[in-house]
Amino acid sequence: MKVVSWNLLRLTGAAVEDVAKLIDIQKPDMLLMQEATQHMEALPGLVGGHFYRLSWLGRIHGLAVWSPTHFPRPVALSLPASRLPGRLPRRRAQIIQMGEITFANVHLSHGQLLNRRQLARIAAALQGKPSAIIGDYNAVGPVFLPGFADVGPREPTHLSGNVMPVRLDRCLAHRLVCSMADALDFGPSDHRPIRLELRVADSNSAAEGPLPIRKARPRGFYR
């Protein structure tokens, strides 16, 4: 399964036409989006397929998923939130069942302890199924989640303050084999889209442990 994930940068980043062009060139089996506004609901009118958006209360943006094939309506999973007054509304993950694989589309909090707690909550909800947690982690440094392997691209995906390159867009996988992972060039957003090829691990590969990941060279935003 070919999966692309992209933080769109809400109103000032990628427009629905940019997302449609990315789909037309990359032809993913599934596209996960973060900071997707109501404008993205026009996507099926441009490329067909099936689309669901999960808005966040009090925010103009949320999470969204698109696929050319039909899939069950995703489920919203509430995540741990900061108890400090004035903090952002509670974040939610979008849980998607696509064939044998359960995906969690995420845009985690900036707090480095809080986003690790959010990951633990998601992992518990996935209940050991073949699964992948993909999206904008807002995490700095390594992320360890028992039973999951970091199979996402290793190159930076965002420029913090337009200066410091950081790897915010990631994928943690459980009982899956990743045969390809890379990051495309920057488009209209301040995040690079990431691209992965995932499949359910068979009994032999599961017994051998994580398989080496074939890293593809970046091919540009639309190539």
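Residues numbered from 1 in each chain as written. Predicted model: local features only at pLDDT ≥ 70, side-chain atom pairs only at ≥ 80, totals over all residues. Heavy atoms only, no water.

Draft legend 1. Seen up close, helix α1 (residues 16–26). Residues Val16, Val19, Ala20, Leu22, Ile23 and Gln26 constitute the buried set of α1. The buried side chains of α1 occupy one side of the element, clustering within an arc of 160° when seen end-on. Of the surrounding secondary structure, the elements contacted by the buried residues of α1 are β1 (2–7), β2 (30–36), α2 (43–47), β4 (62–67) and β14 (194–200). In the stretch just after α1, lysine 27 is the one whose phi turns positive, near 50°. (Buried < 20%, exposed > 50% of the residue type's maximum accessible area, 1.4 Å probe, protein only. Helix = DSSP H or I, 4+ residues; strand = E, 2+ residues; numbered from the N terminus. Arc of directions from axis to C-beta. Contact = heavy atoms within 4.5 Å.)

Draft legend 2. Layout of the sheet that holds strand β12 (residues 169–174). Here six strands make up an open sheet; going across it, the order is β5-β6-β7-β8-β12-β9 and the pairing mixed. The two strands at the open ends of the sheet, each matched to only one other strand, are β5 (75–78) and β9 (149–150). As judged from the two bridges shared by β9 and β12, these two strands associate in the antiparallel manner. Bridging from a neighbouring strand, alanine 149 pairs with alanine 173 of β12. Against the sheet, helix α3 (residues 112–126) touches β5, β6 (92–98), β7 (101–107), β8 (131–136) and β12, its axis set at about 150° to β8. (Pairing = 2+ DSSP bridges. Axes fitted to C-alpha atoms, helices over the stretch in contact; angles between N-to-C directions.)

Draft legend 3. Molecular detail of the packing of aromatic side chains. If you walk through the whole model with that rule in mind, you get one aromatic pair. Centre to centre, the rings of tyrosine 52 and phenylalanine 71 are 5.3 Å apart; their planes meet at 75°, and the pair counts as edge-to-face. Taken together, the positions of tyrosine 52 in strand β3 (residues 50–55) and phenylalanine 71 in the loop between β4 and β5 put the pair 19 residues apart, joining distant regions of the chain. By relative accessible area, phenylalanine 71 is classed as buried at 1%. (Phe/Tyr/Trp six-rings, centres within 6.5 Å; stacked < 30°, edge-to-face > 60°.)

Draft legend 4. Spotlight on the sheet that holds β4. As summarised here, the arrangement of the six strands in space is β3-β4-β2-β1-β14-β13, forming an open sheet in which the pairing is mixed. Of all the strands in the sheet, the pair left with one neighbour each is β3 and β13 (176–183). Sheet twist, expressed as the average angle between the axes of neighbouring strands with direction ignored, equals 15°. Sheet topology note: the β3/β4 ladder contains six bridges and is antiparallel. Paired with tyrosine 52 across the two strands is valine 65, which belongs to β4. Contacts from α1 reach β1, β2, β4 and β14 within the one sheet, and its direction differs from that of β1 by about 160°.

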